[in-house]
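A closer look at the structure
Spelled out, the chains give:
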Amino acid sequence: MDFDQFKLQVVDEMRERFPDLDIGIQAVSKLQGESYTGLAVSPAGSNVAATMNLDYVYKRVEDGMPMETALHNIEKQVAEIAGSMPQFDTRALMDYDQMKEKLTLQMIPIAGNEERLSEIPHRVVEDMALVYRFEMESNEQGSASILVTNSMLQTYDITADQLHSDALEAAVQNHPATLRNMNEVLRDMMGDAAGMFLPDEPSPIWVATVEGGQNGACIIQYPDFLEQAAETLGGDFYVLPSSIHEVLFIADDGSMELSHLEEMVRSINEAEVAPADRLSDNVFHYDSEEHIFENARTFEAREAARVEAMLADEPAGFMEADTITMLLVEPNEHPKVIEAKTGLEDLQQLVGGFIEVVYPFEDPVGLIVNEEGKVNGLPLNRALRDENNEVYDVIAGSFLVTGLTEDSFGSLTPEQVGKFEELFHQPEAFVKMGRSIMAIPIPDEALQSREAVKAAEEIGGKPKHKRPEHDGH
């Protein structure tokens with residue numbers, strides 16, 4: 001039996017078993033590339049139909065399911081569809097003033113939906129698209145909605161901009177935003193057992209969605225939501241597309257490598273997220289100062305270009321031959337006051353690679369660090385601490401402390417030299433304690449011992465130490 005014969009037999013059987021229903025075949029074009037041939041079921045005389053996927057049933061018949069069993073299963077599903085079909089006045093669909101209150105948003109991937117997107121109003125958001133739906137019914141089991149198409153806009157005689165504005169207003173009203181720490185979410189899921197497994201401190205991961213959780217990834221387009229999230233997370237943050245129903249936020253505080261986040265998104269999509277719910281394999285970033293949502297790789301490139309422009313001869317405002325007073329802080333060494341050239345190559349040579357500038361202090365100073373220090377396994381050097389003196393990052397490799405002018409680097413003042421020489425005076429060693437890192441000052445005696453060993457090696461000698469005795473075995 002081929003598929004056409006299968007469809008005819010199904011329709012004939014279901015019409016005989018359900019004489020009060022209109023039953024036929026309908027091609028169903030869905031987002032996420034899951035279009036199928038459906039059995040359309042509707043009350044007699046109604047132009048509203050529900051469909052069930054016949055492609056799936058036919059495959060099971062091909063795999064050996066008896067036709068009578070397949071028809072019995074289809075009959076059960078038709079009965080369930082007929083009993084649970086949402087009831088609404090289809091004439092209301094023609095009245096936009098009534099329908100706009102039912103508007104809601106959905107974020108979907110562009111890849112796999114290109115053909116369908118050509119038929120519907122949407123807004124491109126990086127490699128995703130924001131589309132619009134009329135939510136006809138919603139409950140704990142799910143929702144029934146109608147995708148807004150270009151032809152519907154023509155019928156309503158409205159623009160895509162008006163649709164977008166009305167949809168944002170309705171979505172914010174009907175599905176308010178939620179931002180919760182991952183540990184709070186897990187506690188709700190685990191109940192009393194949560195105390196046995198979850199730490200008291202907040203997780204670095206925050207879950208952003210809408211009340212109800214359906215199609216919550218659209219939250220990134222809610223007005224002012226990303227700005228409010230930046231206040232909660234303390235500044236810039238990464239956005240990980242968990243699914244079309246939610247996104248995850250992680251503070252961009254230097255503790256996470258972008259490549260690690262990208263791998264995490266790809267592996268979770270592959271192993272945990274149903275194809276119909278996948279949103280993107282990319283990681284995104286929110287710049288809280290510029291108020292820009294973008295691909296995280298785009299953000300990194302933009303930051304690198306900004307630093308390059310600041311360091312370039314023009315328009316940076318200083319000549320490559322100029323020198324300024326800086327502190328050079330090397331691993332296992334006390335800081336040194338140096339007079340160094342400000343050319344890009346000179347600064348790169350001092351830190352041993354491509355440079356990145358960070359601004360962790362309120363003072364007008366910057367730290368010029370090796371941006372690939374951790375990736376390349378350079379020795380850990382000094383810790384950066386927050387207002388509670390807790391370590392939140394560790395600099396790998398040599399770095400420079402420099403003053404700042406309005407548009408470039410400048411010499412440290414004598415007061416700044418004294419302050420930051422004292423701050424970074426003692427070299428540090430690091431021990432990982434669970435999720436935390438402990439910075440331990442290295443005593444001067446240990447430093448002197450290392451210097452003695454180093455000096456001996458440089459003149460061709462060997463450090464004096466007692467050789468272990470062996471018993472010949």
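Residues numbered from 1 in each chain as written. Predicted model: local features only at pLDDT ≥ 70, side-chain atom pairs only at ≥ 80, totals over all residues. Heavy atoms only, no water.

1. A few points about a negative patch on the surface
On the surface, a cluster of negative charge is made up of E308, E356, E371 and E372. Tracing the backbone through its elements, the reader meets E371 in the loop between β17 (365-370) and β18 (380-385). (Patch = residues over 30% accessible without salt bridge, like charges linked within 9 Å, V, L, I, M, F, W, Y side chains within 5 Å. Areas by Shrake-Rupley, 256 points an atom, 1.4 Å probe, with all protein chains shown as cover. Salt bridge = Lys/Arg side-chain N within 4 Å of Asp/Glu carboxyl O. Lys, Arg positive; Asp, Glu negative; His and termini not counted. Charge placed at Lys NZ, Arg CZ, Asp CG, Glu CD. Helix = DSSP H or I, 4+ residues; strand = E, 2+ residues; numbered from the N terminus.)

2. Examining the packing of aromatic side chains
If you walk through the whole model with that rule in mind, you get twelve aromatic pairs. For the pair F134 and Y156, a centre-to-centre distance of 6.1 Å together with 85° between the ring planes defines the contact as edge-to-face. You can see F134 sitting in strand β6 (residues 128-139) and its partner Y156 sitting in helix α6 (residues 150-156), a full 22 residues away along the chain. Judged by its relative accessible area of 11%, Y156 falls in the buried class. (Phe/Tyr/Trp six-rings, centres within 6.5 Å; stacked < 30°, edge-to-face > 60°. Buried < 20%, exposed > 50% of the residue type's maximum accessible area, 1.4 Å probe, protein only.)

3. Observations regarding the packing of helix α1 (residues 3-17) against helix α2 (residues 54-62)
The geometry of α1 relative to α2 is characterised by a closest axis approach of 11 Å and an angle of 110° between their N-to-C directions. If you check the angle between α1 and α2, you find them roughly perpendicular. Relative to α2, α1 is oriented so that their crossing is right-handed. For the pair α1 and α2, the contacting residues are F3, F6, K7 and V10 in the first and L54, D55, V57, Y58 and V61 in the second. Here the contact of α1 with α2 is built from residues that sort into seven nonpolar, no polar and two charged. (Axes fitted to C-alpha atoms, helices over the stretch in contact; angles between N-to-C directions. Parallel < 35°, antiparallel > 145°, perpendicular 65-115°, else oblique. Left-handed = near helix turned anticlockwise from the far one by under 90°. Contact = heavy atoms within 4.5 Å. Nonpolar A, V, L, I, M, F, W, Y, C, P; charged D, E, K, R; others polar.)

4. Focus: the confidence of the model for the protein
Across the protein, the average pLDDT comes to 83, with 82% of residues at 70 or higher. Of all secondary-structure elements in the protein, the lowest mean pLDDT belongs to helix α13 (residues 313-316), at 44, while strand β12 (residues 284-287) reaches the highest, 96. In this model residues 313-321 is a low-confidence stretch, pLDDT under 50, and it forms 19 contacts with partners more than four residues away in sequence or in other chains. Per-residue pLDDT stays below 50 along residues 462-473; that stretch engages in four contacts with residues further than four places along the chain or on separate chains. (pLDDT = per-residue confidence, 0-100.)

5. Description of a nonpolar patch on the surface
A grouping of V431, M438 and I440 is seen on the molecular surface, where their side chains present a nonpolar patch of about 220 Å² in accessible area. Residue classification places V431 among the partly exposed residues on the basis of a relative accessible area of 35%.

6. Re the nonpolar core
Counting 43 residues, the largest nonpolar core has L105, I220, F237, F249 and F293 as the members making the most contacts within it. Once residues within four sequence positions are removed from consideration, L105 is found in contact with L130, V131, Y132, A167, L168, A171, N215, C218 and Y222. Counting residues in hydrophobic clusters, the runner-up holds 21 residues, among them V10, L54, V57 and I81. (Core = buried A, V, L, I, M, F, W, Y, C linked by side-chain atoms within 4.5 Å.)

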